[in-house]
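Residue-level listing of the chains:
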Amino acid sequence: MTQEEVKPTTAIQPHPDAEELNPFRGVDFSKLERSLRRPRTLLSVLFSGIITVMTLLAMIPLFSVVGLLLWRGGRKLSIAAFTQLPPAPLDLNGGFGNAILGTLVIVGMATLISVPIGIFSAIFLAQSKSDNRLASSVRFAAKVLTGFPSILAGVFAYGLVVTATGGYSAIAGAVALSILMLPTILLTAEDAIRMVPSKMKEAAIGMGATDAQTVWMVLLPTAVPGILTGVMLAIARGAGETAPLLFTSLFSNYWLIWHGHVKLMQPTASLAVLIYNFAGMPYANQEEMAWAAALVLVLMVLAANLIGQILSRKQVDSNKQG
Amino acid sequence: MPTLEDVKPESAIAASNPRNGNADPAVAMDCTIKEAFYGSVKAVRDTKIPLQKNAITAFIGPSGCGKSTVLRCLNRMNDLIRGFRFEGSVQFRGQDIYGAKVDPVMVRRYIGIVFQQPNPFATSVYNNVAFGLRLNAFKGDSHATVEKALKSAALWDEVKDKLNSSGLSLSGGQQQRLCIARAIATEPEVLLLDEPCSALDPVATRQIEDLMKELKKRFTIAIVTHNLAQAKRVADKTGFLYVDTSDGARTGYLVEFGDSDQIFNQPKEKETQQYINGDFS
């Protein structure tokens, strides 16, 4: 093949109005190099810059709070802080061991109340048909409840439990927190169950599984990572709430468990209320203790989130590889 | 565990039901669909297909002719679809599985199904196969039963070292054989296959076909397939369904049913002939 044969014999004639018909006229494609002088490149770089700055701005509150907590709270953190009772005014020692225990017990009980209710109703919602009136009203109520002012949950539990039992108690606090935790658990669990591919559900039913067996043996195990995430989010929210506990558990300077007796019907200390109380006191020791308690609370919430993530990742891994 | 026999003894029903008086013992299931509706849409009409014991019966026909609907009527999978209505009868073990006293859950334990898309559970290979055993509170040797099912599904050699791996980590063809193993672990009498190879490559397809020929020694098999060559290769009996569009709706009906040899070589009906020749698909 010679050089001449490669050349096209009939040259394609350009359309007479080619220049005007070209939708890209005026755009210079001749240079392949990136140049900020071209408006489209400049705009792209500008947007990237704005997005980066905004992202950094969004991170400032989180990191400055954690940083400040570590700096101010870290100094007071000692073994005594975890084992001793809150100090009296002008006392230079003491700790907040009873508040840590109180938070664990109250949030634990709230979880025990809200998880079964949340997951069972999530199963109902996920299994119900789209035109089920009861399901859509429950779902609507849960969505409203996610934005529920937490102080109202406290007032509600005050009316329901505190007045009925005649006093502030850990149980009243747990009821108040469970109201706040329920919608998160319910809605995320419903989503997680709905995300299970319908072909898996079909497979179970095709094998002769009853509805209950399908839920217990296929839907729930497959949805576990999503459900756990919701539970951990709810626990993190519940642990940080102060207002509802002011109306329900109040505070205590004593241990919740004393000589083997668990006093669930007594006013109970919690980290959030301790921070609220001590932060406003005119004593340096109490103020520093409030910082330390805040650090412990944040670390506890962080730990709950990490555990949740590790658990759900394990589940996902076992789904993938065994 | 209550069984179908507990609901009504076979002898009693055979005596009480004149239709069964002369039932052919070689027929595992006798399916007579007068009409099947999805809501107000009539999906299938006038279809009568007997499934021969230890034979493969294929349902062929163009898209939307209701062949999958017919298959899913055989173990009441259509009950899951809202607005589904069935008129007719499906005789199995001497009784109508659409009878008022029959529990569809029990029906599905005797009549297994494998779907178009491989659908293993998000759990280990072992647990996938053992699923049916757990459903039925199986008391015997689970390990031996799982191994037997996997061997029957020609999958054992490929997965014996990774029984604890997720079923989802297997290839498409392996997943489908896993689903077959899962379905046969509980020793159903009938195995329904709803286009089991349509999501698989030719090699995996051939493996499943070989497997079907092996499995028909132990089970009665019904298969829906879009692939004429596949029906020709594996099926002993073939039913051809076609779509009736005369009253505006698309209603499937059985055009012809017979030995595969006859359907593919000397079809009696004009539509069958055209379809086999590839005049439409």
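Residues numbered from 1 in each chain as written. Chains lettered and ligands numbered in written order. Predicted model: local features only at pLDDT ≥ 70, side-chain atom pairs only at ≥ 80, totals over all residues.

Trainee: So what about the overall build of chain A? Which residues, and what values?
Mentor: A tally of regular secondary structure across chain A gives 13 helices and 2 strands. Projecting the C-alpha coordinates of chain A onto the three principal axes gives extents of approximately 105 × 60 × 40 Å. Within chain A, buried positions represent 34% of all 322 residues. (Helix = DSSP H or I, 4+ residues; strand = E, 2+ residues; numbered from the N terminus. Buried ≥ 20, exposed ≤ 12 C-beta atoms within 10 Å, placed from the backbone.)

Trainee: Tell me about the domain arrangement of chain A, and please be specific about residues and values.
Mentor: All names here are of chain A. For chain A, the assigned domains read domain 1 (27–74) and domain 2 (91–320). On a C-alpha basis, the centroid separation for the pair domain 1 and domain 2 is 36 Å. Every contact between the two is made by 6 residues of domain 1 and, on the other side, 5 residues of domain 2. Residue composition of the side of domain 1 that touches domain 2, grouped by class: 3 nonpolar, 2 polar and 1 charged. (Domains from an automatic or database assignment. Contact = placed C-beta atoms within 7 Å. Nonpolar A, V, L, I, M, F, W, Y, C, P; charged D, E, K, R; others polar.)

Trainee: How would you sum up the pairing of strand β4 (residues 84–92) of chain B? Please name residues and give values.
Mentor: Residue and element names in this part refer to chain B. As paired elements, strand β1 (residues 27–38) and β4 share 9 bridges and run antiparallel to each other. Counterpart to I33 in the pairing with β4 is G88. Pairing between β4 and strand β5 (residues 95–96): 2 bridges, direction antiparallel. Within β5, the position partnered with F92 by the bridge is Q95. Connecting β4 to the next strand, β5, in antiparallel fashion are 2 residues, including R93 with a positive phi near 50°. (Pairing = 2+ DSSP bridges.)

Trainee: Provide a residue-level description of the sheet that holds strand β8 (residues 220–224) of chain B, including the pertinent values.
Mentor: Residue and element names in this part refer to chain B. Pairing in this open sheet of 10 strands is mixed, and the strands run β5-β4-β1-β2-β10-β9-β3-β8-β7-β6 from one edge to the other. Two strands close off the open sheet at either side, each with one partner strand: β5 and β6 (111–114). Judged from the 5 bridges that link them, strand β7 (residues 190–194) and β8 form a sheet pairing that is parallel. For L191, the partnering residue across the bridge sits in β8 and is I221.

Trainee: So what about helix α7 (residues 150–165) of chain A? Which residues, and what values?
Mentor: Residues and elements named next belong to chain A. With 16 residues, α7 should reach 22 Å at 1.5 Å per residue; the first-to-last C-alpha distance of 21 Å fits that figure. Among all positions of α7, only A153, G154, A157, V161 and V162 are buried. Taken together, the buried residues of α7 touch α8 (170–194) and α11 (243–248). Of the residues one or two after α7, G166 is the one with positive phi, at around 85°. (Expected span 1.5 Å × (residues − 1).)

Trainee: I'd like to hear about the interface of chain B and chain A, residue by residue, with values.
Mentor: If you look at the interface, chain B gives 24 residues, while chain A gives 20 residues. For the side of chain B that touches chain A, the secondary-structure elements that each account for two or more residues are α4 (104–110) and α5 (125–135) of chain B. Classifying every residue of the side of chain B that touches chain A by side-chain character gives 11 nonpolar, 9 polar and 4 charged.

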